Amino acid sequence: MKTLSVSHLLGIKYLCEEDLHLIFETAKHFKEVINRPIKKVPSLRDITIANLFFENSTRTKLSFELAEKRLSADVLNFSANQSSVNKGETLVDTVNNILAMKVDMVVIRHPHPGAAHFLSKKVDSCIINAGDGTHEHPSQALLDAFSLKEKFGELGGKRIAIVGDILHSRVALSNIYALKMLGAEVSVCAPKSLLPKHIDSLGVEISTDFAKTLKWCDAVNMLRVQNERMDLNYFPSTREYSQNFGLTFERLKSLKKEIVILHPGPINRGVEISSEVADSDQAIILNQVENGVAIRMAIIYLLASKLNIPIA
Ligand code: NCD
């Protein structure tokens, strides 16, 4: 059996192209499974997984939980706002206590960049990063790339634009790593204040001209403005932001071609994307959500197969 080159999923940065293809191949199989009348496989019935969410989440949390249940794993859910973290316990102590209950795998979302990486060095368990602050969100980038591959076939030479709050977005960084590894051309487009200083070192096109970027691309990934991570005003007003960087139906119609539209969710309708565009046939936002479960099943299954636990 083919295996991943890593024993944790900490970021796309630590994966190689073969890992990505193996995850996609496995996800394709699981997508077929979850579309059957019986959506479950017994593969991970001897595995226990804890989902530790120290930040808000809807899609990612439910998607991981469902992926684990579809694989027949036992699942523990933990939300920071109801836990002993509020009584002063450290992250490592919290996780070691959970692991003492014989948990085999930990999915963690945390506001601090590097939290998943830190944990993988400090505790004896398989760690999956479900988003670490403004750093990486590997499972999101994998499901985005998988969804684009379903549309385009191979991504080599395809032009993918990532538009919006690049500065605070973990989705942007993980997408850049994944798409470039798969041979796509990547452009990031945002107001200057929302572009990180060293973005040019990532080998992407950089643009502040949304109209030009739309003309250039085959697909566009629209990012939410991450207000919860902002300590300053990065642009004069939301209205001005959406006038310049919001994807409206008029903008789409003015293009002489059909582009594919992605969004990781949650959507702020009328800010980065209009309702009409979000609900249009060109948007694959709900396909992304469907694919998210299959991709997370693949990640968990492949990592579990590296543990010394029988897999059915
Ligand atoms: C993203 C996240 O949490 O980074 N959402 C998600 O995982 N579906 C993007 C966002 O919050 O805007």
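Source: prediction; values computed, not measured.

Conventions used here
Residues numbered from 1 in each chain as written. Predicted model: local features only at pLDDT ≥ 70, side-chain atom pairs only at ≥ 80, totals over all residues. Heavy atoms only, no water. Phe/Tyr/Trp six-rings, centres within 6.5 Å; stacked < 30°, edge-to-face > 60°. Buried < 20%, exposed > 50% of the residue type's maximum accessible area, 1.4 Å probe, protein only. Helix = DSSP H or I, 4+ residues; strand = E, 2+ residues; numbered from the N terminus. Pairing = 2+ DSSP bridges. Right-handed = clockwise from strand over helix to strand, strands pointing away. Axes fitted to C-alpha atoms, helices over the stretch in contact; angles between N-to-C directions. Arc of directions from axis to C-beta. Contact = heavy atoms within 4.5 Å.

What follows concerns the packing of aromatic side chains. Given two aromatic rings, their pairing is described by the distance between the two centres and the angle made by the two planes. A full pass over the atoms with the stated rule returns six aromatic pairs. Taken together, the ring pairs connect Phe-210, Phe-235, Tyr-241 and Phe-245 into an aromatic cluster.

This brings us to the pairing of strand β3 (residues 105-110). Across the six residues of β3, six count as buried, placing the element largely inside the fold. Here β3 shows no split at all, with Met-105, Val-107 and Arg-109 on one side and Val-106, Ile-108 and His-110 on the other all buried. The pairing of β3 with strand β4 (residues 126-132) spans five bridges and is parallel. Opposite Val-107, over in β4, you have Ile-128 as the bridge partner. Handedness of the β-α-β unit built from β3, helix α4 (residues 115-122) and β4 comes out right-handed.

Ordered by their spatial adjacency, five strands build an open sheet running β7-β6-β5-β8-β9, and the pairing between neighbours is parallel. A single partner strand is all that each edge strand has here, and the edge strands are β7 (205-207) and β9 (260-262). Within this sheet the neighbouring strands show an average axis-to-axis angle of 20 degrees, counted without direction. Relative to β7, strand β6 (residues 185-189) runs parallel, the two sharing three bridges. Along β7, the bridge assignment pairs Val-188 with Ile-206.

So, about helix α3 (residues 91-99). Burial in α3 covers these residues: Leu-91, Val-92, Thr-94, Val-95, Ile-98 and Leu-99. In an axial view of α3, the angular spread of the buried residues amounts to 160 degrees, which keeps them on one side of the axis. Next to the buried residues of α3 lie β1 (48-53), β2 (74-79), β3 and α4.

The omega torsion of the bond from Gly-265 to Pro-266 falls at -5 degrees, within 30 degrees of zero and hence cis. Tracing the chain through its elements places Pro-266 in the loop between β9 and α10 (275-278). At Ser-72, a position not held by glycine, the phi torsion is positive, near 70 degrees. For Ser-72, the position within the fold is in the loop between α2 (59-70) and β2. Even without a glycine there, the phi angle at Lys-102 is positive, about 70 degrees. Given a relative accessible area of 65%, Lys-102 falls into the exposed group.

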